[in-house]
Amino acid sequence: MPAVPAPARPNRIAQLLDEPPHHPVARLWALLRSNPPAVASILALTMAASLVSLAQPVLAGRAVSLLGSGGFRQLLVPGAMLVGVALMSSVLTAAGNLVAAQAGNRLVRSVRDEASARALRIPAHKLVDHPTADLVARCGIDSEHLVEVFTHGPVQFVGGLLLVVGALVRMTMIDPVLTATALVLCLLALGVIVVLGSMLSGTSQARQEAQGEFVAECTRSLDSVLVLRAFVADAFALDRLSRSSGELQSAANANDRARSFMGPVAALTMQATLLLVVGVAVVRVHQSQLAVGSLVEFLMYTMLIVGPLAGGADTAAMMAEANGALNRIVELREVIDRRSGIADGSDAGTLAAFTDAARVDHRPTGVAQPTSSVLLVEPTVAEAAEALMATGALPPLLRGNVVFDEVCVRYRGDTSREFALDHVSFHAEPGQWIALTGPSGSGKSTMLAVLEKFVQPSSGRVLVDGVPLDEHDDDTYRSQVGYIDQSCPLFSGTVRDNLLLGRRASDERCWELLEQVGLAATVGSRSNGLDAAVGESAYAFSGGERQRLAIARALLGNPRMLLLDEITSGLDALNRQQVMDLIKQTMGGVTTFASGHGHFGMDHADAVLVLENGRLMDAGSPEELRGRSELFRSLVKV
Ligand SMILES: Nc1ncnc2c1ncn2[C@@H]1O[C@H](COP(=O)(O)OP(=O)(O)OP(=O)(O)O)[C@@H](O)[C@H]1O
């Protein structure tokens, strides 16, 4: 496998994406500043190539003059020099292109990494406006456009400018009148090209948008490929893809029309300019105001300046494209969770340290625990964890005391009712198992999302261990909260990858966890054990096994609180009971909020919260509620 190169100065890129300069030129400059050595090398190589190119017309003019005054033999030296200069110019240009392409790729990598890190921080409620596929397009296609900043950007333009200035100086020395004429004509031509370029940048932006839309549609369909197949809905998906593809084609056509039109018109404008210059130059030769050798030299310079001038317009169009792409990536800062920052290596270290040092044994000791008791913590390990925490190396351990005080949640765009959670108040003691029940849409998942800090209440307070939830550091808090949902997503990779999710633990610990959740035999029977591939979307595991793996994953984090979102809904009755018993057995004593339908989980509950239309209708032990709540009885009968 090829070595993975390091990204370019990610901090600078992170800073740029967080606080982008207002002006587009300043933004591009900030991108270039992420790699000063590359900019210096490209500038040096481009300028050297320009200087070498400037020598070509001088040599050609001298050769023509020598031809007039002597024989072909005298051409040998200037001819050889011309070839040498042409070769050197090509080598310098090639080296400049290579350095620029590599610097561009490095920049793209850094922006892609930062964009991905931001996309992964998107709060759950914003996924409605920014579906996964839209984020994929921003991280992938849009980042790719930024390569142009190095390959066809301002640095090349500066090199070209040197060529233009050098050529104009030499042309003025040859014939100032003709130079002034050529310059006026070239600038007029440039004006035409710039106007065409601005037309092009609008169509490029539209093409980018359409490209993003198509990738988004494609990702959505492929994400659900098995569901589509099961419903024999290939034609439905294909129709949507084809429509999106058609829109992309229209946008691409408009862009290509502008491009195809712009290319020849720009070329025609430049040819007309050259012809006019040649015409005026021939008149000057005819009037004996210009020698033939100087004419050749002059015309070669004119051709030299045409390239960079036309290229300048091209650069402007490409930079407009890059800026459009950068804007879409910068927009990600509006959607990420600003308070949580971006996870980096140091965070991973903290998590691993917490996982290893603060090992909590949740297995019951055989002694009945009062519902409000603190966790069953192995004294020595817990003491070590507390000692470490005192040094600031570890996050404070949660106790799991939860208070909801008049909590309301209102989703943007949800017009079905005012609140998804409507003035909900309750108090859960550490170690209690709280069951959430209620009809579909009553707000159970929303309550769990509030506790996971996925959703922020619109009003009211949530206190965890007496501290407003807002004030708990997101990563520190979440590293202590186990979250298991019904989908139990597994990532393509190995059993170990799915168990650890980037955390560190010994093989022994992994097997211990698998043993605890009853998966050791299943994983042991696979040829590679912990390194067995789970397969794309984990088809190699049954629903129950996925639940068990998800529980083992949560266990590894030594959660101090547990959020279970309808985790048994996809399982048969036997498996549901087993999974619930397993959680109680392995994580008993941890404050647990478990949402679900029917009576499953009720056996474990210390208290049940009955929700309806976002309101807390009743709360109490299952026995109390069975006695007094018609709604509860109707729900548990399901
Ligand atoms: N991201 C969202 N944007 C807008 N409305 C939402 C969003 N998520 C949930 N809702 C709405 O909030 C209300 C509560 O939904 P929630 O998912 O919390 O209910 P639930 O009790 O978990 O339902 P179920 O048992 O069907 O999973 C519903 O009316 C739902 O339509």
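Structural notes, computed from the coordinates. Owing to the predicted nature of the structure, the values given are computational and were not obtained by experimental measurement.

Thresholds applied
- Residues numbered from 1 in each chain as written.
- Predicted model: local features only at pLDDT ≥ 70, side-chain atom pairs only at ≥ 80, totals over all residues.
- Heavy atoms only, no water.
- Helix = DSSP H or I, 4+ residues; strand = E, 2+ residues; numbered from the N terminus.
- Buried < 20%, exposed > 50% of the residue type's maximum accessible area, 1.4 Å probe, protein only.
- Contact = heavy atoms within 4.5 Å.
- Areas by Shrake-Rupley, 256 points an atom, 1.4 Å probe, with all protein chains shown as cover.
- Near = heavy atom within 4 Å.
- Polar contact = N/O pair within 3.5 Å; in protein donor to acceptor, adjacent residues only side chain to side chain.
- Nonpolar A, V, L, I, M, F, W, Y, C, P; charged D, E, K, R; others polar.
- Core = buried A, V, L, I, M, F, W, Y, C linked by side-chain atoms within 4.5 Å.
- Pairing = 2+ DSSP bridges.
- Axes fitted to C-alpha atoms, helices over the stretch in contact; angles between N-to-C directions.
- Phe/Tyr/Trp six-rings, centres within 6.5 Å; stacked < 30°, edge-to-face > 60°.

**A look at the overall build of the protein**
The helix and strand inventory of the protein stands at 23 helices and ten strands. Taken across its 638 residues, the protein has 46% of its residues classed as buried. Restricting to contacts in the protein with at least 6 residues of sequence separation, those with at least 24 account for 78%. Carbon and sulfur atoms make up 61% of the accessible area of the protein, which amounts to about 30300 Å² in all.

**Some thoughts on the site of the ligand**
Ser-440, Gly-441, Lys-444, Ser-445 and Thr-446 are the nearest of the 15 residues found near the ligand. Between the ligand and Glu-566, the relevant distance is 3.0 Å, taken from an oxygen atom to a side-chain nitrogen or oxygen of the residue. Against a free-state accessible area of 630 Å², the protein chains account for coverage of 70% of the ligand. Here the residues of the shell around the ligand are counted per class, giving four nonpolar, seven polar and four charged.

**Some thoughts on the nonpolar core**
Judged by nonpolar contacts, the single largest core of 44 residues is most densely connected at Val-495, Leu-514, Ile-551, Leu-564, Ile-583 and Val-608. Among the elements that take part in this core, helix H20 (residues 543–556) stands out by supplying seven residues, more than any other. Counting residues in hydrophobic clusters, the runner-up holds 32 residues, among them Leu-168, Ala-182, Ala-258 and Met-270.

**Thoughts on the sheet that holds strand S1 (residues 402–409)**
Reading across from one edge, S2-S1-S4-S5 is the order of the four strands in this open sheet, with antiparallel pairing throughout. Only two strands of the sheet have a single neighbouring strand rather than two, namely strand S2 (421–428) and strand S5 (467–468). Taken together, the five bridges between S1 and S2 define a ladder with antiparallel strand orientation. Across the sheet, Val-407 pairs through a bridge with Val-424, a residue of S2. Against the sheet, helix H15 (residues 444–451) makes contact with S1, S2 and strand S4 (459–464), and its axis sits at roughly 120° relative to S1, the strand it touches most.

**Overview of unusual backbone geometry**
Leaving glycine aside, a negative phi is the common case for residues, and trans is the common case for peptide bonds. With a phi angle near 50°, His-423 is a residue other than glycine that sits in the positive phi range. Relative to the elements of secondary structure, His-423 occurs in strand S2. Residue class for His-423 comes out partly exposed when judged on its relative accessible area of 41%. Its identity as a non-glycine residue notwithstanding, Lys-453 has a phi of 65°, on the positive side. One can find Lys-453 in the loop between H15 and S4. A relative accessible area of 9% places Lys-453 in the buried class.

**Digging into the sheet that holds strand S9 (residues 607–612)**
A sheet is described by the order of its strands in space; here six strands give the open sequence S6-S7-S8-S3-S9-S10, paired in mixed fashion. Each edge of the sheet is formed by a strand with only one pairing partner; in this case those strands are strand S6 (481–485) and strand S10 (615–620). Within the sheet, the average angular offset between the axes of one strand and its neighbour, ignoring direction, is 15°. Here four bridges tie strand S3 (residues 433–437) to S9, and the two strands are oriented parallel to one another. Bridge pairing in S9 links Ile-434 to Ala-607. Contacting S3, strand S7 (561–565), strand S8 (591–595) and S9, H15 crosses the sheet at an angle of about 150° to S7.

**Let's talk about the environment of Leu-98**
Locating Leu-98 in the fold gives a position in helix H4 (residues 76–119). Given the relative accessible area of 53%, Leu-98 is considered exposed. The sequence separation of Leu-98 and Thr-151 amounts to 53 residues, and the corresponding C-alpha distance is 8.8 Å.

**Examining the packing of aromatic side chains**
Under the criterion given, the structure shown has three aromatic pairs. Between Phe-454 and Tyr-483, the aromatic rings sit 5.7 Å apart at their centres with planes inclined by 75°, giving edge-to-face as the arrangement. Linking Phe-454 in the loop between H15 and S4 with Tyr-483 in strand S6, this pair joins segments that are 29 residues apart in sequence. By relative accessible area, Tyr-483 is classed as partly exposed at 30%.

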